[in-house]
Amino acid sequence: MAEETKSPVPPPPPDGEKKPVTESVAPPAQAAAPPAAQKMPTPAAAPPKPAAPAKPAGPVPVPWSSPMVEKYRHQYGSGLEAHSYLGQNYFTVDRLLIPDFLKLLRDDEQFDYCVDITSVHYPKREKQFDVIWILYSFARNERIRVKTQIADGEGVPSAVSIWATANWLEREVYDMFGIKFDGHPDLKRILLPDGWKGFPLRKDYGILQQDQEWVKINLGIESGQ
Amino acid sequence: MNDRENAVSNLDLETPEKPYLDSNELIINMGPQHPATHGVLRVILKLDGEKVLGTECVIGYLHRGVEKIAENRTYTMFNPYVDRMDYVAAVSNGLGYCQAVEKLLNVEAPPRANYIRVILTELNRIASHQLWLGTHALDIGAMTPLFYTFRDREEILKIFEKYCGARLTTHAFRIGGCQYETYAGFEKDVKNFLTFVAPKIGEYEELLTTNRIWLERTKNVGVISGPDAIALGVTGPVLRASGVKWDIRKAQPYANYSQFDFEIPTGKNGDTYDRYLVRMEEMRQSLRIIEQAVNGIPEGPIMAKVPKVIKPAVGEIYHSIEAPKGELGYFIVSDGSTQPYRVRVRPPSFVNLQALDVMVRGMLVADVVAVIGTLDIVLGEVDR
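The following refers to the structure shown. (Residues numbered from 1 in each chain as written. Chains lettered and ligands numbered in written order. Predicted model: local features only at pLDDT ≥ 70, side-chain atom pairs only at ≥ 80, totals over all residues.)

Residue and element names in this part refer to chain B. Pairing of strand 1 (residues 26-30) with strand 4 (residues 42-48), which is carried by five bridges, proceeds in the antiparallel orientation. When the bridges of strand 4 are listed, Asn29 appears paired with Ile44. For strand 4 and strand 5 (residues 51-58), the ladder comprises seven bridges, and the chain directions are antiparallel. Bridge pairing links Ile44 to Glu56 in strand 5. The hairpin turn running from strand 4 into strand 5, its antiparallel successor, is two residues long, and Gly49 in that turn takes a positive phi close to 65°. (Pairing = 2+ DSSP bridges. Helix = DSSP H or I, 4+ residues; strand = E, 2+ residues; numbered from the N terminus.)

Here it is as structure tokens:
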């Protein structure tokens, strides 16, 4: 019995040996697949053309005009654009206007509550980052966004002196995107450990990167991920 | 990494003019493993005897990279993840996320779905406040409320379980409405709960509101003024206790909150006691909303017409709701694909926690415990 139970055990290795064969068979199949995949793009590339005219049917940003917008457009000219998307209004401003414009919004327009500061990374763009301030005014019951574009390595003036809440919010943006806020009282990582490498919410930061690196350094093996 | 363990921060703190006896300033760690920090929060305290000269919060122990995960999931797949942020108010998180995506898609949930959403969200608000009350009172030394609140919170969790099969991380809503029709007897269960819990809130109050120890521990503790709270971005009951009458359910109504009649309770002093009173009253107001909703629940579909594959047009949207802890916002950027290009969560706990330093300066170490409790933070949401 014991021999019988043992005997079934050896056969698996041959199976295991055979498996590479099946695997070696598989690559040709995979190799065969790419031509199909290469063919795919052509039919796939065709549909976007009919889809393109359909796109304008979706919501698009429309110009936003209000007395406040007119006032600032007059003041700043081409440095400022105002749009509205799905009923939400936002300014797109030149980076150089940033501390002053935010301060004006707080002091003159009563945007006294800074809801959030965040960023979006567009690696293919020349100015890679959008920095976004979401503001709210209790007096006007109005919510707006202010957006600016910056290049990698470029700093943004800190808003901590305007809204105290910007302190942690800017630290988080720095932590996740590596954007420096000039004049921030204590700009350091907040959620990640101080020794962390890289900025996770950048698009070029792969989700497996950290794991693979850690396993390699600390365990000396290749990560299975 | 070691820097973080050892560095005692670069706290820029003033030294008191007259130090307490000849004691030196003492820097101690509270947490990360401390029962009163409600999770893994580390607070570095700079002390002069018992007096707090300044604090610094070290957070991130529960960071899971929720925002990065979102970029690698489809809109639908990411939905259950939001429940894991503020896990004591998972229904609210889900509501905020679903509504944000609906806004991006430019669809609206049907009326019946909105009623179900409001009922469940308000039940969750009560559950969240009950959990807050139990743990906050326990931190301060009153043990009984914990048993009372957990006993009663159980009834809410039972309704959740019957509705969607889960008690905590419910994933109750879907983009476009609700997946599940209410079960037979849902309305009866909710009505029974209303009659059951209304006197219980009075019971909690009987234990605490005029209790001398409670008053000593909470009155004039952790005071924050209205303007300070606004500058620090504090929202929710903490803001309202400082006298700012602002609730997103009223200011910018979402779902169908505009149809219901309820009050926004506010405080005057902005201290721990006022925050306690505000939350107690909020529970009663939630009961009012639920009662109106459950009596007026209409027939009809529970899902809007949403495509099976969710692919919003290129654009960005910010949507926020009044979660039990404050303003919970989602900023979603779509690049026209099936996966969000970027999801930013504006967590109320994270922003409120920033106010801790202002609130405890000059108070005693024991008050730090009371203030952490009164801020009602959930570390899962702070760290995300």
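From this point, the narrative continues.
With that settled, the discussion passes to the interface of chain B and chain A. The interface is formed by 36 residues belonging to chain B together with 31 residues belonging to chain A. Among the secondary structure elements, those contributing two or more residues to the side of chain B that touches chain A are helix 1 (2-6), helix 2 (66-71), helix 9 (226-231), strand 8 (315-323), strand 9 (326-334), strand 10 (342-346) and helix 13 (348-353) of chain B. Per-class residue counts for the side of chain B that touches chain A are 14 nonpolar, eleven polar and eleven charged. (Contact = placed C-beta atoms within 7 Å. Nonpolar A, V, L, I, M, F, W, Y, C, P; charged D, E, K, R; others polar.)

A word on the environment of Arg84 of chain B. Residue and element names in this part refer to chain B. Counting through the fold element by element, Arg84 comes out in the loop between helix 3 (75-82) and helix 4 (90-105). A sequence separation of 41 residues divides Arg84 from Arg125, and the C-alpha atoms of the two residues are 16 Å apart. Arg84 has contacts with Thr169 and Gly380, leaving out every residue within four places of it along the chain.

Right, let's get into the packing of helix 7 (residues 186-208) of chain B against helix 12 (residues 272-296) of chain B. Residue and element names in this part refer to chain B. The interhelical angle for the contact between helix 7 and helix 12, taken along N-to-C directions, is 160°, at an axis separation of 10 Å. Accordingly, the angle class assigned to the pair helix 7 and helix 12 is roughly antiparallel. In this structure, helix 7 meets helix 12 at a crossing whose hand is left-handed. Residue-level inspection shows Glu187, Val190, Lys191, Leu194, Val197, Ala198, Ile201 and Glu205 of helix 7 in contact with helix 12, the latter providing Met280, Met283, Arg284, Leu287, Ile290, Glu291 and Val294. Considered class by class, the residues forming the contact of helix 7 with helix 12 number ten nonpolar, no polar and five charged. (Axes fitted to C-alpha atoms, helices over the stretch in contact; angles between N-to-C directions. Parallel < 35°, antiparallel > 145°, perpendicular 65-115°, else oblique. Left-handed = near helix turned anticlockwise from the far one by under 90°.)

Grouped together as the largest cluster of nonpolar side chains are 148 residues, with contacts concentrated most on Leu135 of chain A together with Val101 and Ile119 of chain B. Of the residues forming this core, the biggest block, 14 residues, is contributed by helix 5 (residues 111-140) of chain B. For Leu135 of chain A, the contacting residues outside a window of four places in its chain are Leu105, Phe111, Tyr113, Cys114, Val115, Ile144 and Val146 of chain A. (Core = buried A, V, L, I, M, F, W, Y, C linked by C-beta atoms within 7 Å. Buried ≥ 20, exposed ≤ 12 C-beta atoms within 10 Å, placed from the backbone.)

Here Thr182 of chain B is to be found in the loop between strand 7 (177-178) and helix 7. Dropping the residues within four chain positions of it, Thr182 of chain B is found in contact with Ile116 and Tyr163 of chain B.

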